[in-house]
Amino acid sequence: MGNIVLLDDLTINKIAAGEVIERPASVIKEMVENSIDAGATNIVVEIKNGGISFIKITDNGKGIAQDDLEIAFERHATSKIRSADDLDTVTSMGFRGEALASIAAISNVELISKTQQQENGYKVVVEAGDILEKEIAPSSVGTSITVKYKFLKKDYTESGYIEDVITRIALVNPQIAFKLINNGKTVIQTNGNGDMKTVVYSIYGKTVAESISPVSYTYEDIKVDGVIGKPEIARSNRSNQLFFVNKRYVRDKVLTSATEQAYKGMIPLGKFGFVILNITIAPARVDVNVHPAKLEVRFQEENKIFQAIYHAIKDTLLKNEDKDGLFGNRNTNEKQIEEYTKRESEIKTNAQEKTYAFE
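Residues numbered from 1 in each chain as written. Predicted model: local features only at pLDDT ≥ 70, side-chain atom pairs only at ≥ 80, totals over all residues. Heavy atoms only, no water.

Asks: What's the story with the sheet that holds strand E9 (residues 212-219) in this structure? I'm lost.
Replies: Strand pairing in a sheet takes place through backbone hydrogen bonds and is either antiparallel or parallel in direction. Within the open sheet, the 5 strands sit side by side as E9-E10-E13-E11-E12. Their pairing is mixed. Strands at the two margins of the open sheet, each flanked by one partner only, are E9 and strand E12 (248-250). Neighbour-to-neighbour, the strand axes of this sheet turn through a mean angle of 20°, independent of strand direction. Sheet topology note: the strand E10 (residues 222-229)/strand E13 (residues 275-280) ladder contains 6 bridges and is antiparallel. Bridging across to E13, Val227 finds its partner in Ile276. Packing against the sheet, helix H7 (residues 253-263) makes contact with E10, strand E11 (241-245), E12 and E13, and its axis sits at approximately 130° to E11. (Pairing = 2+ DSSP bridges. Helix = DSSP H or I, 4+ residues; strand = E, 2+ residues; numbered from the N terminus. Axes fitted to C-alpha atoms, helices over the stretch in contact; angles between N-to-C directions. Contact = heavy atoms within 4.5 Å.)

What follows is the structure in structure tokens.
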């Protein structure tokens, strides 16, 4: 008899859980992204002990129909795509259909949901992949999902990861009101008024909010939006450099390298500019399937992405320099512009040769 066997669904889901939802923060990220895809304008995340003992996400999205509740926990069950061709045009935050199945494989999940068309809400309870309960439950339109599981990390560590996740999602979705409650205390709250500066104020405080400039830049068919910080709020690490592609948080050396080049000569060595930027690009030109948690991407044309980020930041800094007196006097300003023009030519050459200054 051979040694190779097909794994059962529960084992497959537990493996997927290890890849995709390895900690409470990852569970919350997946669930909040589902809420955003459902059109929610108000999302409340509640945790206890850093999410180790209790996670609850409540939204006012369109909800899940009664007939879809059970299948929603099946692996690769998704409403986002229908075929492989859709992968080239998908714009939703989630699309693989693995999150709910993976979470339910390693935890106890209670999901209550109601659509606008339904008279009643419905509840399902799933544990280790098995549906334990399914019944009518009081609910407003939207979805509430509660996850109970014993994670291994210390709760204060997990709380930090969860705050990071909500911070990133809130910053790139200023039109959605977010609230994060930890052990009964509200630690993050945004009002969903659509103003990114207001979100920055809520999360980073008044000093930072008063030291940022809006960015709106188009390079060919690539659009870059967000905010960047003035040189005086540059930090000694990259923790405040957040990049998004089609509103999905990513880590990418092309983006950090372009940012470093754009700020060069404006901030001291060893300092890093405050940057929160979203790149809007045709889905077919970026592969988001590179990393299990979708944190890394592969761009079809890295040189264009590099230049888009570089010019978006540099042009914004130069536009503001006279108004804010960033460089002291006119002679210095003209020198900076001259250096920028020279460096711009170098950047274009380097981009064409794909010789990025990666660390």
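Asks: It is not clear to me how helix H2 (residues 24-37) should be interpreted in this structure. Could you clarify?
Replies: At 3.6 residues per turn, the α-helix brings residues three or four places apart onto the same side. In a regular helix each residue adds 1.5 Å, so 14 residues correspond to 20 Å; H2 covers 20 Å between its end C-alpha atoms and thus fits that length. Judged by how many residues are buried, H2 sits mostly within the fold: 12 of 14 residues are covered. Regarding H2, the residues found buried are Pro24, Ala25, Ser26, Val27, Ile28, Lys29, Glu30, Met31, Val32, Glu33, Ser35 and Ile36. Two residues or fewer after H2 comes Gly39, characterised by a positive phi angle close to 85°. (Expected span 1.5 Å × (residues − 1). Buried < 20%, exposed > 50% of the residue type's maximum accessible area, 1.4 Å probe, protein only.)

Asks: Got a minute to help me understand the sheet that holds strand E5 (residues 130-137) in this structure?
Replies: Spatial ordering of the open sheet is given by E5-E4-E3-E6-E2-E1-E7-E8, a layout of 8 strands whose pairing is mixed. Every interior strand has two partners, whereas the edge strands, E5 and strand E8 (185-189), have only one. Adjacent strand axes in the sheet meet at a mean angle of 15°, parallel and antiparallel pairs treated alike. Note: strand E2 (residues 54-59) against strand E6 (residues 142-148), 5 bridges, orientation antiparallel. When the sheet's bridge partners are listed, Ile57 is paired in E6 with Ile145. Against the sheet, H2 touches strand E1 (42-48), E2, E6 and strand E7 (177-182), its axis set at about 10° to E2.

Asks: Honestly, helix H5 (residues 196-204) in this entry has me stumped. Any pointers?
Replies: Considered for burial, the residues of H5 that qualify are Met196, Val199 and Val200. Down the axis of H5, the sector holding all buried residues measures 100°, keeping them to one side. For H5, the N-terminal cap is Asp195; the gap from its side-chain oxygen to the backbone nitrogen of Lys197 is 3.3 Å. Just past H5, the residue Gly205 takes up positive phi, approximately 100°. (Arc of directions from axis to C-beta. Polar contact = N/O pair within 3.5 Å; in protein donor to acceptor, adjacent residues only side chain to side chain.)

Asks: For this particular structure, what's the right way to read the pairing of E1?
Replies: Alternating positions in E1 separate cleanly, Ile43, Val45 and Ile47 being buried on one face and Asn42, Val44, Glu46 and Lys48 remaining unburied on the opposite face. Judged from the 6 bridges that link them, E1 and E7 form a sheet pairing that is parallel. Bridging from a neighbouring strand, Ile43 pairs with Phe178 of E7.

Asks: Just checking my understanding: could you explain the side chain of Lys114 for this structure?
Replies: You can see Lys114 is positioned in strand E3 (residues 108-114). One buried charged residue, Lys114, remains without a salt bridge, the closest side chain of opposite sign being Glu119 at 8.9 Å. Of note is the side chain of Lys114, whose polar atom sits 2.9 Å from the backbone oxygen of Gln118. Excluding residues that lie within four positions of it along the chain, Lys114 makes contacts with Lys62, Gly63, Glu119, Asn120, Gly121, Ser139, Ser140, Val141 and Gly142. (Lys, Arg positive; Asp, Glu negative; His and termini not counted. Salt bridge = Lys/Arg side-chain N within 4 Å of Asp/Glu carboxyl O.)

Asks: I tried to follow the pairing of E8 on my own but got confused; where do I start?
Replies: Side chains on a regular strand alternate between the two faces of the sheet. Note: E7 against E8, 4 bridges, orientation antiparallel. Residue pairing for E8: Ile181 is matched across the bridge by Thr186. Turn length for the E7-E8 hairpin, with the two strands adjacent in sequence and antiparallel, is 2 residues, and the turn residue Asn183 shows positive phi of about 50°.

Asks: I tried to follow the pattern of salt bridges on my own but got confused; where do I start?
Replies: Pairs may arise between side chains of opposite charge once their charged atoms sit close together. By the definition in use, this model includes 7 salt bridges. Note that Glu260 is salt-bridged to Arg238, the shortest N-O span being 3.0 Å. Residue Glu260 is found in helix H7, and its partner Arg238 is found in the loop between E10 and E11; the two are separated by 22 residues along the sequence. Judged by its relative accessible area of 36%, Glu260 falls in the partly exposed class. Judged by relative accessible area, which is 25%, Arg238 ranks as partly exposed. A single network of salt bridges, built from pairs that share partners, joins Lys123, Glu133 and Glu135.

Asks: Would you mind going over the nonpolar core with me for this structure?
Replies: Among soluble globular proteins, nonpolar side chains are generally buried collectively. With 50 residues, the main nonpolar core has Ile28, Val32, Ile43, Val45, Ile57 and Ile276 as its most contacted residues. It is helix H4 (residues 155-172) that contributes the most residues to this core, 7 residues altogether. Residues within four places of Val45 in sequence aside, it is in contact with Ile28, Val32, Lys56, Ile57, Ile166, Lys179, Leu180 and Ile181. Judged by nonpolar contacts, the second largest core, of 32 residues, contains Val224, Ile228, Leu277 and Ile313. (Core = buried A, V, L, I, M, F, W, Y, C linked by side-chain atoms within 4.5 Å.)

Asks: Explanation requested: the packing of aromatic side chains in the structure shown.
Replies: When we look at a pair of aromatic rings, we describe it by the centre distance and by the angle of the planes. Evaluated as defined, the whole model comprises 2 aromatic pairs. Pairing Tyr204 with Phe274 gives two aromatic rings, centres 5.1 Å apart and planes at 85°, and the pair type is edge-to-face. Of this pair, Tyr204 sits in helix H5 while Phe274 sits in the loop between H7 and E13, and the two are 70 residues apart along the sequence. Its relative accessible area of 1% is what places Phe274 among the buried residues. The interplanar angle of 65° and the centroid separation of 5.9 Å between the aromatic rings of Phe244 and Tyr249 together place this pair among those described as edge-to-face. (Phe/Tyr/Trp six-rings, centres within 6.5 Å; stacked < 30°, edge-to-face > 60°.)

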